[in-house]
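Each chain is listed here by its residues.
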Amino acid sequence: MTGMFGKVKPCAECNLVLLGAMGCGKSALTVKFLTKRFISEYDPYLEDIYSSDELVDQQPVTVRVMDTSDQEGPVNCERYLSWANAFLVVYSINDMESFKGCQLYLQTLSMHKNTFRSQTPIILVGNKLDMDRYRQVSQSDGEAVAIRFDCSFFEVSACWDFLSVQHIFHEAVRRAKRG
Ligand code: GDP
Ligand code: MG
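Enquirer: Explain the site of ligand 1 to me, please; I cannot follow it from the model alone.
Expert: Taken together, the neighbourhood of ligand 1 is formed by 18 residues, with Gly23, Lys26, Ala28, Ser40 and Asp130 sitting nearest. Here an oxygen atom of ligand 1 and a backbone polar atom of Ser40 are 2.6 Å apart. Between ligand 1 and the protein, one listed contact pairs an oxygen atom with a backbone N or O atom of Ala158 at 2.8 Å. Protein chains bury 84% of the 580 Å² of accessible surface belonging to ligand 1 in isolation. A per-element tally of the shell around ligand 1 places helix α1 (residues 26-35) first, with three residues. Class assignment for the residues of the shell around ligand 1 results in eight nonpolar, six polar and four charged.

Encoded structure:
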């Protein structure tokens, strides 16, 4: 489309998928992004897709967020592999098990690289930064895994400010557009 908006697509859409071990904060991050609020208790078995009209770099985009809830790690991943425009793989910095768990997701994604568009970006998110006192995963451990799997990397807290959580979701949209 051309004209006063140049080549901008009028109704861009972007599908984001959150992956990671139970309890790492996928739902808390999703709810924070959608409502600006931190909700501390969220049904751990609820998986759903939410939609939000966003402005990313002054461009409207309908962002759909699939908040997954796998109880047994990366199984039955067909439902999101081809749907996703970007993946957010989450662990909590105060839980080494969740860090191991997120690497299973990263391995699964790299195994299935042929199923989805090879340019689909992956963002590694170390959540619960407010729990720094109980940190089990160093920032450099996170960075090393991000480099190994060719991801961008952020540490964040779902219970701190909204903007830093929003930034990660918007960054996923930006990278998906570039891909
Ligand atoms: P999910 O299974 O990945 O969806 O995890 P939830 O979003 O349900 O969060 C699991 C637990 O961790 C809940 O008790 C949340 O309140 C808590 N939680 C989530 N994010 C944070 C965070 O950034 N900081 C802290 N301190 N707790 C968090
Ligand atoms: Mg959840």
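Enquirer: It is not clear to me how the sheet that holds strand β1 (residues 12-19) should be interpreted in this structure. Could you clarify?
Expert: Two orientations exist for strands paired in a sheet by backbone hydrogen bonds: parallel and antiparallel. Pairing is mixed in the open sheet, where six strands are placed in the order β2-β3-β1-β4-β5-β6. Two strands in the sheet have a free side with no partner beyond their single neighbour: β2 (48-56) and β6 (152-155). With direction set aside, neighbouring strand axes in the sheet form an average angle of 25°. Sheet analysis places strand β5 (residues 122-127) next to β6, joined by four bridges and oriented parallel. Looking at the pairing, Val125 lines up with Phe154 of β6. The strands touched by α1 within the sheet are β1, β2, β3 (59-67), β4 (86-92) and β5, with β3 carrying the most contacts at an inclination of about 155°. Along the sheet, helix α4 (residues 139-148) makes contact with β4, β5 and β6, crossing β6 at roughly 160°.

Enquirer: I tried to follow the packing of helix α3 (residues 96-111) against α4 on my own but got confused; where do I start?
Expert: Any two packed helices are characterised by the angle at which their axes cross and by the distance between the axes. α4 packs onto α3 with a crossing angle of 10° between their chain directions and a minimal axis gap of 11 Å. Relative to α4, the element α3 lies roughly parallel. Packed against α3, whose contacting residues are Phe99, Gln103 and Leu106, the element α4 presents Asp141, Gly142, Val145 and Arg148 at the interface. Residue composition of the contact of α3 with α4, grouped by class: three nonpolar, two polar and two charged.

Enquirer: Where do I start with the pattern of salt bridges in this structure?
Expert: Two side chains with opposite charge may pair up if their charged atoms get near one another. What the rule picks out here adds up to nine salt bridges. The salt bridge partner of Arg135 is Glu155, with a shortest N-O separation of 2.9 Å. In this pair, Arg135 sits in the loop between β5 and α4 while Glu155 sits in strand β6, placing the two residues 20 residues apart along the sequence. For Arg135, a relative accessible area of 26% gives the class partly exposed. The class of Glu155 is buried, set by a relative accessible area of 19%. Residue Arg174 is joined to Glu171 by a salt bridge in which the shortest nitrogen-to-oxygen separation is 2.8 Å. Highlighted residues: Arg174 and Glu171, both in helix α5 (residues 162-178), separated by three residues, approximately one helical turn.

Reading the values: the criteria
- Residues numbered from 1 in each chain as written.
- Chains lettered and ligands numbered in written order.
- Predicted model: local features only at pLDDT ≥ 70, side-chain atom pairs only at ≥ 80, totals over all residues.
- Heavy atoms only, no water.
- Near = heavy atom within 4 Å.
- Polar contact = N/O pair within 3.5 Å; in protein donor to acceptor, adjacent residues only side chain to side chain.
- Areas by Shrake-Rupley, 256 points an atom, 1.4 Å probe, with all protein chains shown as cover.
- Helix = DSSP H or I, 4+ residues; strand = E, 2+ residues; numbered from the N terminus.
- Nonpolar A, V, L, I, M, F, W, Y, C, P; charged D, E, K, R; others polar.
- Pairing = 2+ DSSP bridges.
- Axes fitted to C-alpha atoms, helices over the stretch in contact; angles between N-to-C directions.
- Contact = heavy atoms within 4.5 Å.
- Parallel < 35°, antiparallel > 145°, perpendicular 65-115°, else oblique.
- Salt bridge = Lys/Arg side-chain N within 4 Å of Asp/Glu carboxyl O.
- Buried < 20%, exposed > 50% of the residue type's maximum accessible area, 1.4 Å probe, protein only.

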